[in-house]
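What follows is the residue order along each chain.
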Amino acid sequence: MLNKSIMDGDNPDLTEERMKGAFDTDKMAAVIYGSEKFAIRRREITESISRIPQLADSKPFSFMTREEKISESCRKLSVLSEHWNQLIDTNNEEEALHLYREVLGLEGHAFSLHETMFIPSLVAQANDEQQEKWLGRAKRREIIGCYAQTEMGHGTNLRALETTATYYPSTQEFILHTPTETALKWWPGALGKSSNYAVVVADLVIRDTHYGAHPFMVQLRDEKTHNPLPGITVGDIGPKMAFNGADNGFLGFNQYKLPRDHMLMRHSRVEENGTYTKPPHAKIGYSSMVKVRSRMAMDQGLFMVSALVIAVRYSAVRRQGFLDDKSREVKVLDYQTQQHRLFPSIARAYAFIFCGFETIQLYDQLLIDVKNGDTSGMSDLHALTSGLKSVVTHQTGEGIEQARMACGGHGYSMASYISEIYGVAIGGCTYEGENMVMLLQLARYLVKSVELVKTGKSKELGPMMNYLAEPDTQIDLTSGPEAYVKVFQHAARRQVWKATDKFHQLMESGQSRDIAWNNSAVELTRASRLHTRLYIMETFIRRVSSISDVSIKKVLIDLVNVHVNYEVLDIGTYALEHVSSTQLDSIRSQLYSSLDTLRPNAVSLIDSFQISDMQLRSVLGRRDGHVYTNLFEWAKASPLNQTHVLPSVNQYLKPMMDKAKL
Ligand SMILES: CCCCC/C=C\C/C=C\C/C=C\C=C\C(=O)SCCNC(=O)CCNC(=O)[C@H](O)C(C)(C)COP(=O)(O)OP(=O)(O)OC[C@H]1O[C@@H](n2cnc3c(N)ncnc32)[C@H](O)[C@@H]1OP(=O)(O)O
Ligand SMILES: Cc1cc2nc3c(=O)[nH]c(=O)nc-3n(C[C@H](O)[C@H](O)[C@H](O)COP(=O)(O)OP(=O)(O)OC[C@H]3O[C@@H](n4cnc5c(N)ncnc54)[C@H](O)[C@@H]3O)c2cc1C
């Protein structure tokens, strides 16, 4: 059986799709998840979870209040604590993240930031003695931590953080203090009610000198009572657009004392007498953010996939309207418009995940290099992940919203669960650096690269930048996906140079560097987007070329074809400098035929991600395709339907109608 999802009793329309798939979905899962070993582990973990009934949702998540969601995830975490070691290798981050996704879904929970930022901050920023003291406790979950950096008044501009950590050599203590209301920490995930520790980022002050943002390990709550410690004000910031299973919080300090060795001192140090040693790279303290950004292509790809699993499966069971055969309505997946809505996003999701694997590995390597004293790769990875997080979050938001619309009316119902996926995923445009700001960080790097070329120092260009020094060449669009890479290179190169020239000209005309930068900013962000999309396309093609299995490679080449045609058309205004409108017409025709080619494999392509029904929480996206019966069952479970007459009817509507009758 090529598609392993086929089961007796499934909706025959979905079974028919799965029979059509031309490749083995387990083999594809191994490609998606980087190795056969991990793909198998994922399935084993999912299978083991399904044998623990207490890990199932106690009622549909969409009907829970915020308090119920938080309580439900804490209940499950306590069940999990009895099973950690038998379910996963606790040292394997990917296994842990898979377990969290399966059991807890995406709405957040008490450990939301513990694995993703708290532990990574200790790994990257704490010295050996500090790791000895806290890392084991954190990994054993004796303590729960979060990452408290953003303040009510400042998230982007870290240099303006107001929370101070002032060192006093006389007591060998720091005093943490929140001088104003805007200095309250605001937003950190799991801070409000769950965490009893936090890595707090504060402005280090020694003898009236401000050394800027540094990380500190801070105990917030008593380990026995969980009450906030004296000098600490902490709480929940209230409901959000989504992600309401998480208690994003606020935090204030009133002259809170902290021992000297609670500053994380792997890279910068404060001696007992107050002597400060600066880090080997000024931005090394920002590494926890780079760590998360390096994961975001993968995580956002998986958010988009969840929405696509729902939309593609539903589109294969939803029948509406007619094509040739007037005796039976067609699956809406057969409409070209539906395919055009969904398939380019499937391609992007695959591309994002392949990029994600690459950037996660780059971060892991950088961590080793930095530990060995080599910080030279930091700028490259910062630039790459800044652009990537911005592009993937934006395109993921677009893809999920299209998936919702592709489900028609039922997509708007929480039964589809797509609005929740959208709400969580779209947060990625903001967290870990607001997208425009991060595009401008990449733009700094691009401008510097052009300056290298202009001054004859092309040999010093960083990875992926050589194309900026190359001349435009004739493009033969019949020569395969590489020709489309060339189109992107031309368009990105032109835009990067154009934006840089504008910036330079404005400075030459007398504008200050900052004003000239601001007046070039829109062009600069465009340059960053094109450069990043080029990287995504190249990575996708490179990964697919490396695959040896013939049937897997064939369908992935079909997917690459959808991707390159769609992407070039999507940047048509930039591409027009290098591609004629007649050529664009021919790309359009190729896109339509590549949608057609992909159609029989659509369901298998999304099944290959092997996302369980438990994780998906979607009536429309059920693996068995039995949508309608379950939609009715789901609606019947609504709290409003637990009584025939609501109290509000008796209290307001009935008296109003009765009065009107008089
Ligand atoms: C975790 C996800 C898993 C699943 C997801 C599920 C649900 C998600 C739910 C919740 C989200 C979870 C967590 C969220 C956490 C957070 O949001 S934590 C807070 C994040 N905050 C930010 O990202 C702040 C953004 N701001 C900054 O990073 C900096 O302020 C900024 C880089 C914008 C500017 O810094 P500044 O110190 O002012 O530097 P300059 O602009 O002057 O630049 C000076 C040079 O330094 C280079 N540089 C900057 N950063 C770095 C770096 N990290 N590494 C290397 N180099 C860096 C910069 O490029 C400049 O170089 P040049 O001078 O041009 O050479
Ligand atoms: C779901 C979620 C979870 C979060 N989790 C955490 C967490 O765990 N820990 C934590 O510390 N923080 C967390 N945050 C906070 C988050 O990191 C910040 O909100 C984010 O970095 C953006 O900063 P800001 O809110 O100050 O936006 P602002 O900077 O105020 O952005 C407002 C507007 O100003 C623009 N802007 C700002 N500066 C510039 C500039 N220099 N150039 C051009 N335009 C600019 C932006 O582009 C944007 O359009 C979380 C946020 C969310 C939404």
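Quick caveat: nothing in here was measured; it's all calculated off a predicted structure. One numbering rule holds for all chains: residues counted from 1, following each sequence as written. As a convention, the first chain written is A and the first ligand written is 1, with the rest following in written order. Given that this is a predicted model, residues contribute local features only at a pLDDT of at least 70 and side-chain atom pairs are listed and counted only at 80 or more, while totals for whole chains, interfaces and linings are drawn from all residues.

Asker: Whenever I open this one, the packing of helix α10 (residues 336–371) against helix α18 (residues 550–570) confuses me. Can you help?
Answerer: The description of two packed helices rests on the angle between their axes and on the distance between the axes. It is at 9 Å that the axes of α10 and α18 come closest, and there the two elements cross at 105°. Compared by their axis directions, α10 and α18 come out roughly perpendicular. Residues F343, P344, I346, A347, R348, Y350 and A351 of α10 form the contact with α18, whose own contacting residues are L559, V562, H563 and Y566. The convention used is that axes are lines fitted to C-alpha atoms, helices contributing only their stretch in contact, and that angles between N-to-C directions extend from 0 to 180 degrees. Each helix is a run of H or I in the DSSP string that is no shorter than four residues. Each strand is a run of E no shorter than two, and both are numbered from the N terminus. Roughly parallel covers angles under 35 degrees, roughly antiparallel covers those over 145, roughly perpendicular covers 65 to 115, and oblique covers all other angles. Residue pairs are scored as contacts if the distance between their C-beta atoms, which are placed from the backbone, is within 7 Å.

Asker: Any chance you could explain the site of ligand 2 here in plain terms?
Answerer: Surveying the vicinity of ligand 2 reveals 21 residues, the closest of which are Q149, T150, G155, T156 and W187. The element that contributes the greatest number of residues to the shell around ligand 2 is helix α14 (residues 435–454), accounting for three residues. When residues are grouped by polarity, Ala, Val, Leu, Ile, Met, Phe, Trp, Tyr, Cys and Pro land in nonpolar, Asp, Glu, Lys and Arg in charged, and all others, Gly among them, in polar. Residue classes in the shell around ligand 2 are distributed as 10 nonpolar, 10 polar and one charged. Any residue whose backbone-placed C-beta atom lies within 6 Å of a molecule or strand is treated as near that molecule or strand.

Asker: Honestly, the nonpolar core in this entry has me stumped. Any pointers?
Answerer: Buried together is how nonpolar side chains tend to be arranged in soluble globular proteins. Working definition: the nonpolar core is a set of buried Ala, Val, Leu, Ile, Met, Phe, Trp, Tyr and Cys residues, joined through C-beta atoms within 7 Å. The exposure label follows from counting other C-beta atoms within 10 Å of a residue's C-beta, where the C-beta atoms are placed from the backbone and the thresholds are 20 or more for buried and 12 or fewer for exposed, leaving partly exposed in between. The biggest cluster of nonpolar side chains holds 168 residues, and the ones touching the most others in it are L308 and I310. In this view, L308 contacts L342, S345, I346, A349, A403 and I606; residues no more than four positions away in its chain are not counted. Core analysis: the next-biggest nonpolar cluster, separate from the first, contains 11 residues, I49, L87, I88 and L99 among them.

Asker: What is the right way to look at the site of ligand 1 in this model?
Answerer: As a structural note, the neighbourhood of ligand 1 is formed by 30 residues, with K283, Y286, H382, Y431 and G433 the closest of them. Of all the secondary-structure elements, those providing two or more residues to the shell around ligand 1 are α7 (114–125), α9 (287–317), α11 (378–406) and α14. Per-element accounting of the shell around ligand 1 gives the leading share, four residues, to α9. Classifying every residue of the shell around ligand 1 by side-chain character gives 13 nonpolar, 12 polar and five charged.

Asker: Explain the environment of E329 here, please?
Answerer: Along the chain, E329 turns up in the loop between α9 and α10. For E329 and M298, which are 31 residues apart along the polypeptide, the C-alpha to C-alpha distance reads 37 Å. Apart from residues lying up to four places away in sequence, E329 is in contact with R319, Q320, G321 and F322.

Asker: Explain the environment of I587 to me, please; I cannot follow it from the model alone.
Answerer: Considering the arrangement of structural elements, one finds I587 in helix α20 (residues 581–598). Accessibility expressed as a C-beta count within 10 Å gives 20 for I587, which makes it buried. With sequence-adjacent residues up to four places away left out, I587 is seen in contact with N565, V568 and L569.

Asker: I tried to follow the environment of P239 on my own but got confused; where do I start?
Answerer: Among the secondary structure elements, P239 is positioned in the loop between β7 (232–236) and β8 (249–253). Residue class for P239 comes out exposed when judged on the 10 C-beta atoms lying within 10 Å of it. With near-sequence residues (within four places) excluded, P239 lies in contact with R66 and N244.

Asker: Hey, could you run me through the confidence of the model for the protein in this one?
Answerer: Parts of the prediction with low pLDDT should not have their coordinates interpreted in detail. pLDDT expresses how confident the predictor is about each individual residue, on a scale running from 0 to 100. Chain-level statistics for the protein give a pLDDT mean of 97 and a share of 100% at 70 or above. Confidence metrics for the complex model read pTM 0.98 and ipTM 0.98.

Asker: Sorry if this is basic, but what is going on with the UniProt feature "active site" (unreviewed entry) in the protein here?
Answerer: Per the UniProt entry, the sites bearing "active site" (unreviewed entry) are E432 in this numbering. Within the secondary structure layout, E432 lies in the loop between α13 (418–426) and α14. Setting aside its immediate chain neighbours within four residues, E432 contacts M289, V292, R293, M296 and K389. UniProt positions are given in the numbering used here, feature names are shortened, and annotations may be inferred rather than shown by experiment.

Asker: When you look at the sheet that holds β7 in this model, what are you seeing that I'm missing?
Answerer: Sheet strands pair via backbone hydrogen bonds, and the direction of the pair is either parallel or antiparallel. Strand pairing is assigned whenever DSSP identifies at least 2 bridges connecting the two strands. In spatial order, the strands read β4-β8-β7; together these three strands make up an open sheet with antiparallel pairing. One side of each edge strand has no neighbouring strand; the edge strands of this open sheet are β4 (185–186) and β7. The pairing of β4 with β8 spans two bridges and is antiparallel. Each residue of the ladder has a partner; that of W186, found in β8, is F250.

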